[in-house]
Every structure is written in structure tokens, then in C-alpha cells.
Number of protein chains: 4
Amino acid sequence: MPNKDTPTAASEENLLLCEELIECGRDFHRRGWSLGTSSNYSVVTEREPLTLLMTGSGFDKGRLRPEQFVTVDEKARALKPDGLKPSSEALLHTVLAKHGAGAVLHTHSVAATVLSEHFLKDGGVRLSGYEMLKGLSGISTHESEAWIEIYPNTQEIASLATVISLRLNDAARPLRHGFLMAGHGLYTWGRNIAEARRQVEVLEFLLEVVTQKRLLFGSF
Amino acid sequence: MPNKDTPTAASEENLLLCEELIECGRDFHRRGWSLGTSSNYSVVTEREPLTLLMTGSGFDKGRLRPEQFVTVDEKARALKPDGLKPSSEALLHTVLAKHGAGAVLHTHSVAATVLSEHFLKDGGVRLSGYEMLKGLSGISTHESEAWIEIYPNTQEIASLATVISLRLNDAARPLRHGFLMAGHGLYTWGRNIAEARRQVEVLEFLLEVVTQKRLLFGSF
Amino acid sequence: MPNKDTPTAASEENLLLCEELIECGRDFHRRGWSLGTSSNYSVVTEREPLTLLMTGSGFDKGRLRPEQFVTVDEKARALKPDGLKPSSEALLHTVLAKHGAGAVLHTHSVAATVLSEHFLKDGGVRLSGYEMLKGLSGISTHESEAWIEIYPNTQEIASLATVISLRLNDAARPLRHGFLMAGHGLYTWGRNIAEARRQVEVLEFLLEVVTQKRLLFGSF
Amino acid sequence: MPNKDTPTAASEENLLLCEELIECGRDFHRRGWSLGTSSNYSVVTEREPLTLLMTGSGFDKGRLRPEQFVTVDEKARALKPDGLKPSSEALLHTVLAKHGAGAVLHTHSVAATVLSEHFLKDGGVRLSGYEMLKGLSGISTHESEAWIEIYPNTQEIASLATVISLRLNDAARPLRHGFLMAGHGLYTWGRNIAEARRQVEVLEFLLEVVTQKRLLFGSF
């Protein structure tokens, strides 16, 4: 018999969270940031024990349905073995959630793909002096800069998750705002879905700005 | 007891104005001109005393709701202290409204961000010889030109508001059509929301034209 | 007392034609081909005497309403003096209608603006070898080419209308498919609205192709 | 009297398949991948005898209606001679269907047009090292690469269909994923409409990536 306190995808509140992620998917797909079956999105539904609602693997992000979300535990294991597989990158979501994120959004735009591949050699891309930076959590003036780290793309997500965890907990120079996987796309997060969505829009906008500057003036 | 003549956001007419600004936000967000929580919009609801309805700070412009607008006075102070904060740039709106604008729209596109940063050294960008210029209020032939001034971006909005006020009242060569803040975006205005929206579309279009010309032919 | 045979914008059939043009405007505005109050559209509602339904001057093409259309005669004079002004370019529509067009669509895209300005010196732009050419009326293989003539932009529409009329009736090498006005945009037409709309899409697509080829390979 | 087993466009199931292709058309048209009357789409409705439901020739792909689909046999002949003509490229669809495809989608984007023309001399375009490749059927790691073959554009579809058939059955190095026709566009397919649509999104995305890399860094 299931524990009554266990959140279920069918529960009212979770359904609202699904709807919010479905709306993200619709908009990101329309913009070309979540084409094919790329991207994955999650939201924390419970802190103790850590529980996330996450897009299942292989679905069209432009037309998600509530039954295409899967509930996972802190180790990214599906809680209800109903055949739905969490995204292969689920461990990145749980690592971010453990570190405090309430929602994690991974997008896969053309700009993020191309720039992350190019700047991998530098380890990241610097976004500096733009008003739009103020849209990132914890930044209140355009005189700041954001350093978005880039990691080599990998199919060994567990190893990358360990690296990300260490970087998040780096006391001196912690990973912030989001990160890129080379030739792959952007991970960002927020306290809730609205904040994570804002981060996606800000970072994808700034990657477009970096692209346009290079195209217009030959430098970044 | 509130003055019955005080416009309230709940009043019928103000609700219609909110709806018009909400529709602007939906369209600008879709086009990528108001991503993150960038941009802010306002409309004058009363001339004596000057009263504006303005987007509150920090909301998603693609999905504004009437309760996310705040009523401000000529000094950009919220009239109803219900916790809603006007945009930090509210003073720019009131300065423009005092000068006669009935609606002010601030957008934040990639083209405006990149070009305003590049042309800051020249103090502005010249738009010349385009039929689309006829869409700007007060221009009736494509043989005109518009000079769109650019100001350094700043978080000291009061100082910038003073500069803008002086430029608007400059008898010899007054500020017209709109202005850019470097690395930030476009301010424009009109007698009403429809005219201000037309100005946004015309100016954002022409900034795209300038961008494409440079990309294609290596010059502006 | 009005002649019962005079078509009125209120009549059932004309309302359907208005709806079709409204839908064109919504789509073209969304794509950025009819921003500001640029563009104008018309459809022939009667051949004898020649009568057109045409967008009035100065309206937002993304949200046209039936009452924003005006009925004009063969000289582009408004039939019902109800204060609605036909577009200043109305004579271009009537010239095309006299030559057989059932619908005329004028769009104003970034690509058309930039390329028409650049290629004015050559008198036109050549579109050659593309499968998409088959979408133009009268072309059945991609081995054809279309020569889209470009005219200097002008506010003296009557003179341009005379030139266009002569070019349409040029027995040896008649004007076909559409034409560009430099720094302004595209005129094209068809037997009905659907055909004219198809021509717009084909030509705007091919202008994008020309743009991309130049950007990628440095030549046209 | 019609054979009761013959699928008809009016039948319930076929109507659902039409709706799915109509939705593809709406989305591809919106993105600019199916403008004019370009593109054509099909789905297999029966294996024995092979029967396909296919877009008729010359329709606007953004607003398809169920009655604009035609049922064809394995030789691409219209089963019901009701005046509706299958696309002139119908034989490419039946060849792919015979080889196992359950749905075939042909799109016609700017990127596919320009790149297919440029890379024709190389016989194909290599897509290598991108995470998005995992969205192609049969690829499970970004360390793969896809070779998308390019054929000269032709109006002799029967000859091209023979070539494609041979390439599909090439035991050593069979044609996979999709192919381009130079200056024309992309053909791709899947077991069903959803899979074919995913293939379109993945390949169009990667052609955009190739375009952006060349624009930014001068090489492919």
C-alpha cells in the first residue's frame, strides 16, 4: 500500500507543476531551444526525502503531457516502476536539487551548441557588462559579469555529476548561474520553475548577443 | 477614504489599458525583445495630477497579469503601497510622460543591445533613407533620417532622467523618436499605446536592417 | 440611395475576403514582414467597374479588422467617403488589378529592404536554379530563373504606377512575378489571395536564401 | 461498390493520421520550413497492399485540410480518381515506404537549400560530434556522425527514386537518416509520424548549427 504522503504525479499540486513545465517546453520548443527530443526539465516536489518530478526520456518537448513525467528519488531512480525512464541526464538534476535548486531546466539551442564547442578550450564563456545580467539571480548591476563554465560532453553522466557537485560546493569560486556541455547545451536552475525559466531566457539571450557581436565585429 | 476620482487598477478603463500593455508584452516576449524580466511598459491614466500605470518590477513580460501593474505619481512613487515595486527605471517613464508621452515602451532586443554598445562612442545611430522611417511619428517621407541617441548604461536612473529631460526640452535639437541605453535596450513612446507600439516595431525593424547591412556588406 | 449592386465591405462575400487578408496580415506581421504600419493588401471584388477592397492607411497589419478596409475604384479613389483613406500606394494596386491581378500583397521585410537597396544599381535581383521557383505562377521547373526588378523608392506613386503599367504591358520582356522598391519592400500578386500569398512566401524565402548565401560564401 | 477493407481518407484512423500531418505542416510552415506550396508529407496506412496517405499537390502546408490528402498505391498512383493529384515527388515517398518507413516528411528550409547547393560537390554533408545526433534513430552517443547524402535536384523523380532505392538497399553502406536534394530540401522518415518529425527537427537543427559555425568561424 502506498504511503499517503508520497507525492504522485496525479496529485493536484504536482499536476500544476507539470503544467508549468509543459508550458516551458511549449515555449522553448517554439523558439528552437528544445527540438527533437532534446532537453529535460525537473522540479523538486519534496525535500525530505528529496523527490523530483522530471521529464521522461524521449518525449517531444513541445507537446508534453502530465503522464510523460516521472517521479525520481535523490539517486535519480524512478519511484514508480511503470516503465517510464527518467532522462539519462537525471543525475545532473538531482545533484543540482541537493545543492538547493527547486527547478532545473536544460535547453539545447543552436547558439549554446556552437559557442560551447568553440569556447570549450577556455573552460567557459564570459558574459560581461550587459544589463540583461541583472536577470540572473544574485546580480543587481550590469557592471557584474557571469562566467558560464563549459564541460566536455559525455555520456558518463555520473562522473560529470560528481564534478558538478564539487564545483557547486567549491567554497572559493563556486559554480554559479548555469553551465554548458560542449556541443550539447545549457543547464540552469532556480528556486522554482519561474526563476529557472528566467535564467534560461537570460542566458540564451546573452549567448545570442555574443554570437551577434562576433558576427558583426569579428570578435567576442 | 480614497478620492473617488483617483484611478484604480481595478477600474474598467485602466483594465483595458492593462490588457493592451499585456498584449504588447506577449508579442515582444515572443519576438525575443522582452526576455527574462527585462523591459517595462507604462501608460498615462491621468494628466492632473500626472498618474501612470506601469509594469511592476521583476515580472515575466510574456505573461503579465493586471495585478502586476502599479500606479505611480509624477515622481514615480507607487500610489498604493501594496508591496508592488515600480520598475527601477520608472523615472524615465515619468519624465517622458511629463513631456507629453501618453505611453512609454522599453524593449531589450539582441540587436539593440549589440548596436547600442558598439555605437555608444558616436553618441547615436543614424537611420537614413528607409521607407520604414515613415512609421515614426512626424516623418512623412523616406528621404528623412532619424538620429537615435545612445546613453551609457547606468543604475543611477535619476541622473539619466535629468539628462533625458534636458534633451527633450532642448529647443534647437530636441531628443526625438526614442533613445538607446548601451548594452541595454530601447526606449520609445507615443501619444497612446498603439503609437508607442508602432514606434517599437519601426525602430527594432530598422536596427535589424542596420545589422543585416553590416553583416552582408561589412559597413553600416 | 446606394446602388444595390455596389459591393459593400459589409456584404457577406467581401467580409470573407477581408478575413483572408486579415489572416495574411496576422501571419506576415508575426514573421516581421509587415511591422509598424508598413505593408498594404488588396483584393479585386468586381471587374466591371473595377473595384478593390484595400487596407486603409496607417493600421497595424497584425490585427486588422474588417472596418479598416476601404473600397476603391480603378483610380484608387475611396468609394465611400467615410473618412478612411486608402494606402498612399493604392495606385500600384489598381494598376496591377487592371493588368489582371485578383489580389495584390505588399510586404516589407528586412531582407527585401536590404537587398533592394543593394541591388538597385543592377536594376533587379536574379533568382536562379532553386526548386522554390516552381512556387511562382508560370514556372514549372527549377531550371528557370526569375528576375525581380527593383525601382528607386519614391513618394510619387502616380509616376511609379505609370512605369509599372508600361513594364507590365511590355510585349518583349514584361514585368513578372513581383517587384521591389529600394529600401522599401516587395510587391507581388496573384489571381486570388491564396496565389498572391504563395508568391509572397516564395519570394521572401528566396530573398532569405540570397542573404544566407552571401553571408556564408561572400558572394550572391 | 468499394471494397470495405480499402482505407478511405474519411475513415476514423486515417483522419487521425491526417490531423497529425496537418499539425506537422502547421509547425513547419510557422518555422519557414514549408513555405509557398513546398514540402510534402505522407504516412503508410496499409502494408498489404502498400497504401499511403499523402499531401496533394499545390496546397498551403500551413493550413492543410483532411480533404487535401490523397490515397496512393505502391506506384504512387492516386487510388481514388477524384481529381486530387499526389505530389510530383510521390515516388520518393513510396520507395521509402517500401523500404520500411512508416512516414516520410519532406521539408524545404533556407539552411537546407543553401547548404545542399554548396555541398553537392562533396556528395553530402557530415554532421559530427553533436549531442543532437542522438535524436536520430539508431544513434545512441554524440561520438557518432551522420553523413547526409546530397543528390542533384531533378524533375525526373522516377530516376531519382531508383537511385534512392539502390542506396537504401546497399548492403555495405546504406543510405540512412535522410537525404538532401540540392537547392531544394530535406527528405527524412521514421517508423511513424512522430519519429519522422523528430528526424526533421534534429536534421534541420544540425543544418542550422553547421550554418552558424561557418558564419562565426569561417569553416564548417
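Starting afresh in each chain, residues are numbered from 1 along the sequence in its written order. Labels follow written order: the first chain is A, the first ligand is 1, and so on. Side-chain atom pairs in this predicted model are given and counted only at pLDDT of 80 or more, local residue features only at pLDDT of at least 70, and totals for whole chains, interfaces and linings cover all residues. Calculation of side-chain values draws on the structure's entire complement of heavy atoms; hydrogens and water are dropped beforehand.

Chain A appears in an unreviewed UniProt entry as Methylthioribulose-1-phosphate dehydratase from Prosthecobacter fluviatilis. UniProt positions are given in the numbering used here, feature names are shortened, and annotations may be inferred rather than shown by experiment. Regarding chain A, the relevant UniProt record gives this comment under Pathway (unreviewed entry): "Amino-acid biosynthesis; L-methionine biosynthesis via salvage pathway; L-methionine from S-methyl-5-thio-alpha-D-ribose 1-phosphate: step 2/6." Regarding chain A, the relevant UniProt record gives this comment under Catalytic activity (unreviewed entry): "5-(methylsulfanyl)-D-ribulose 1-phosphate = 5-methylsulfanyl-2,3-dioxopentyl phosphate + H2O".

Peer 1: Summarise the relation of the copies chain C and chain B; cite the residues concerned and give the values.
Peer 2: Of the transformation placing chain C onto chain B, the axial shift is 0.0 Å and the rotation is 90°, giving an RMSD of 0.0 Å. The superposition operator between the copies reduces to a four-fold rotation axis. Considering only C-alpha atoms, the part of chain C nearest the rotation axis is C:Leu215, at 4.9 Å. We call two residues contacting when some pair of their heavy atoms lies within 4.5 Å. Little of the interface of chain C is mirrored in chain B, where only 7% of its interface residues again form contacts. All copies are superposed by least squares; the fitting set is the C-alpha atoms of residues with a pLDDT of at least 70 in both.

Peer 1: A description of the interface of chain C and chain B should follow, citing residues and the corresponding values.
Peer 2: Many authors give the size of an interface as the accessible area that is lost as the parts come together. Facing 28 residues of chain C, the contacting portion of chain B comprises 24 residues. The junction of chain C with chain B conceals about 2200 Å² of combined surface from both sides, 62% of it contributed by carbon and sulfur atoms. Nitrogen and oxygen atoms within 3.5 Å of one another constitute a polar contact, given that in protein one can donate a hydrogen and the other can accept it, and given that sequence-neighbouring residues count only through two side-chain atoms. At the boundary of chain C and chain B, one finds 10 residue pairs in polar contact (both at pLDDT 80 or more). Residue assignment for the side of chain C that touches chain B shows that the elements contributing at least two residues are helix H1 (12-31), helix H3 (110-119) and helix H5 (193-217) of chain C. In terms of residue count, the dominant contributor to the side of chain C that touches chain B is H3(C) (six residues). Residue composition of the side of chain C that touches chain B, grouped by class: six nonpolar, 16 polar and six charged. A quick way to say it: buried area is the sum, across both parts, of accessible area lost when two parts are put together, with a 1.4 Å probe. Put simply, DSSP marks the helices as runs of H or I at least four residues long and the strands as runs of E at least two long, and each gets a number from the N terminus on. In this count, Pro and Cys sit with the nonpolar residues alongside Ala, Val, Leu, Ile, Met, Phe, Trp and Tyr, while Asp, Glu, Lys and Arg are called charged and the others, Gly among them, polar.

Peer 1: Requested: an account of the sheet that holds strand S1 (residues 40-46) of chain C, with residues and values cited.
Peer 2: Residues and elements named next belong to chain C. We call two strands paired when DSSP finds no fewer than two bridges between them. Taking strand neighbours across the sheet as the criterion, the eight strands line up as S3-S2-S1-S4-S8-S7-S6-S5 in an open arrangement whose pairing is mixed. Where the open sheet ends on each side, the last strands, each with one partner, are strand S3 (69-72) and strand S5 (124-128). Geometrically, the sheet is characterised by an average inter-axis angle of 20° between neighbouring strands, direction not taken into account. The pairing of S5 with strand S6 (residues 145-151) spans five bridges and is antiparallel. Bridging from a neighbouring strand, Val125 pairs with Ile148 of S6. To get an axis, a line is fitted to the C-alpha atoms, and for a helix only the part in contact is used. The angle between two axes follows their N-to-C directions and goes from 0 to 180 degrees. Strands in contact with helix H4 (residues 157-168) are S6, strand S7 (178-181) and strand S8 (185-190); relative to S6, the strand with the most contacts, it is inclined by about 155°.

Peer 1: An account of the pairing of strand S4 (residues 103-107) of chain D is needed here, citing residue identities and associated values.
Peer 2: All names here are of chain D. Each residue is assigned to one of three classes by its accessible area relative to the maximum for its type, calculated with a 1.4 Å probe on protein chains only: buried under 20%, partly exposed between the two thresholds, exposed over 50%. Most of S4 sits inside the fold, with five of its five residues counted as buried. Taking every second residue as pointing to the same face, both faces of S4 are buried, with Ala103, Leu105 and Thr107 on one and Val104 and His106 on the other. In this structure, strand S1 (residues 40-46) lies alongside S4, joined through four bridges in antiparallel fashion. If you follow Tyr41 over to S4, its bridge partner there is Leu105.

Peer 1: Now, about the relation of the copies chain B and chain A: what can you tell me, with residues and values included?
Peer 2: Expressed as a screw transformation, the operator carrying chain B onto chain A has a rotation angle of 90° and an axial translation of 0.0 Å, and the superposed copies differ by an RMSD of 0.0 Å. When the interface residues of chain B are mapped onto chain A, a mere 7% of them again fall at the interface, so the copies present different faces.

Peer 1: Before we move on, can you summarise the packing of helix H2 (residues 90-98) of chain D against helix H4 (residues 157-168) of chain D with the specific residues and values?
Peer 2: Residues and elements named next belong to chain D. Where H2 meets H4, the axes come as close as 9 Å, and the angle between the chain directions of the two elements is 20°. In terms of orientation, H2 and H4 fall into the roughly parallel class. As for how H2 packs across H4, the hand of that crossing is right-handed. Contact residues: Leu91, Leu92, Val95 and Leu96 in H2; Ile157, Ala158, Leu160, Ala161, Ile164, Ser165 and Leu168 in H4. Looking at the contact of H2 with H4 residue by residue, the class counts come to 10 nonpolar, one polar and no charged. Oblique is the label for any angle not under 35 degrees, not over 145, and not in the 65 to 115 range, which are roughly parallel, roughly antiparallel and roughly perpendicular in turn. Take the far helix as the reference: if the near one is turned anticlockwise from it by less than a right angle, the crossing is left-handed, and if turned clockwise, right-handed.

Peer 1: For the side chain of A:Asp73, give the residues involved together with the corresponding values.
Peer 2: All names here are of chain A. Considering the arrangement of structural elements, one finds Asp73 in strand S3 (residues 69-73). According to the relative accessible area criterion, Asp73 is buried, its value standing at 13%. Apart from the residues lying within four places of it in its own chain, the contact partners of Asp73 are Leu50, Leu79 and Thr94.

Peer 1: Just give me the short version of the nonpolar core, but keep the residues and values in it.
Peer 2: Formed by 204 residues in total, the largest nonpolar core has its most connected members in A:Leu127, B:Leu127, C:Leu127 and D:Leu127. Those residues in contact with C:Leu127, other than ones at most four positions away along the chain, are C:Leu133, C:Ser144, C:Glu145, C:Ala146, C:Ile148, C:Leu203, C:Leu206 and C:Val210. Among buried residues, the Ala, Val, Leu, Ile, Met, Phe, Trp, Tyr and Cys ones that are joined through side-chain atoms within 4.5 Å form a nonpolar core.

Peer 1: Describe the UniProt feature "binding site: Zn(2+)" (unreviewed entry) in chain A, listing the residues and the values that go with them.
Peer 2: In the numbering used here, UniProt assigns the feature "binding site: Zn(2+)" (unreviewed entry) to A:His106 and A:His108. By the secondary structure assignment, A:His106 is in strand S4 (residues 103-107). Among residues more than four places away in sequence, those in contact with A:His106 are A:Ser39, A:Asn40, A:Tyr41, A:Glu89, A:His184, A:Gly185, A:Leu186 and A:Tyr187. Considering the arrangement of structural elements, one finds A:His108 in the loop between S4 and helix H3 (110-119). When sequence neighbours within four positions are dropped, the list of residues in contact with A:His108 reads A:Gly32, A:Trp33, A:Ser34, A:Ser38, A:Ser39, A:Thr113, A:Gly183, A:His184, A:Gly185, D:Glu131, D:Met132 and D:Phe205.

Peer 1: Please provide a residue-by-residue account of the arrangement of the chains, values included.
Peer 2: Between chain A and chain C there is no contact, and the shortest C-alpha to C-alpha distance separating them is 10 Å. With no contact between them, chain B and chain D keep their nearest C-alpha atoms 10 Å apart.

Peer 1: Requested: an account of the interface of chain B and chain A, with residues and values cited.
Peer 2: At the interface, 28 residues of chain B touch 24 residues of chain A. Contact between chain B and chain A buries roughly 2200 Å² in total, counting both sides, with carbon and sulfur atoms accounting for 62%. By definition here, a salt bridge exists when the distance from a side-chain nitrogen of Lys or Arg to a carboxyl oxygen of Asp or Glu is within 4 Å. At the junction of chain B and chain A, the tally comes to one salt bridge. Here B:Glu117 makes a salt bridge to A:Lys213, at a shortest N to O gap of 2.9 Å. Along the contact surface separating chain B from chain A lie nine residue pairs in polar contact (both at pLDDT 80 or more). For the side of chain B that touches chain A, the element with the highest residue contribution is helix H3 (residues 110-119) of chain B, accounting for six residues.

Peer 1: An account of the packing of aromatic side chains is needed here, citing residue identities and associated values.
Peer 2: Planes of paired rings set the category: under 30 degrees apart is stacked, over 60 is edge-to-face and the rest tilted, where pairs are Phe, Tyr or Trp rings (Trp by its six-membered ring) whose centres lie within 6.5 Å. Inspection of the entire model under this criterion finds 20 aromatic pairs over all chains. Relative to C:Trp33, the ring of C:Phe28 has its centre 5.8 Å away and its plane inclined at 40°; by these criteria the two rings are tilted. Here C:Phe28 and C:Trp33 have matching classes, each one buried. One aromatic cluster is present, formed by A:Tyr151, A:Phe179, A:Tyr187 and A:Trp189 through successive ring pairs. Two thresholds decide whether a charge sits over a ring: the Lys NZ or Arg CZ must be within 6 Å of the ring centre and within 35 degrees of the ring normal. Between B:Arg31 and the ring centre of B:Trp33, over which it is positioned, the NZ or CZ distance is 5.6 Å.

Peer 1: How would you explain the pattern of salt bridges if you had to name every residue and give the values?
Peer 2: With the rule as written, the count across this model stands at 68 salt bridges over all chains. For the salt bridge of C:Arg63 with C:Asp60, the shortest nitrogen-to-oxygen distance reads 3.2 Å. The exposure class assigned to C:Arg63 is partly exposed, which follows from its relative accessible area of 36%. Connected through salt bridges with shared partners, the residues A:Glu23, A:Arg26, A:Asp27, A:Arg30, A:Arg31, A:Arg197 and A:Glu201 form a single ionic network.

Peer 1: Let's hear about helix H2 (residues 90-98) of chain A: which residues, and what values?
Peer 2: All names here are of chain A. Across the nine residues that make up H2, a large majority, seven, are buried. When H2 is considered as a whole, its buried residues turn out to be Ala90, Leu92, His93, Thr94, Val95, Leu96 and Ala97. Positioned one or two residues after H2, Gly100 has a phi angle of 125°, which is positive.

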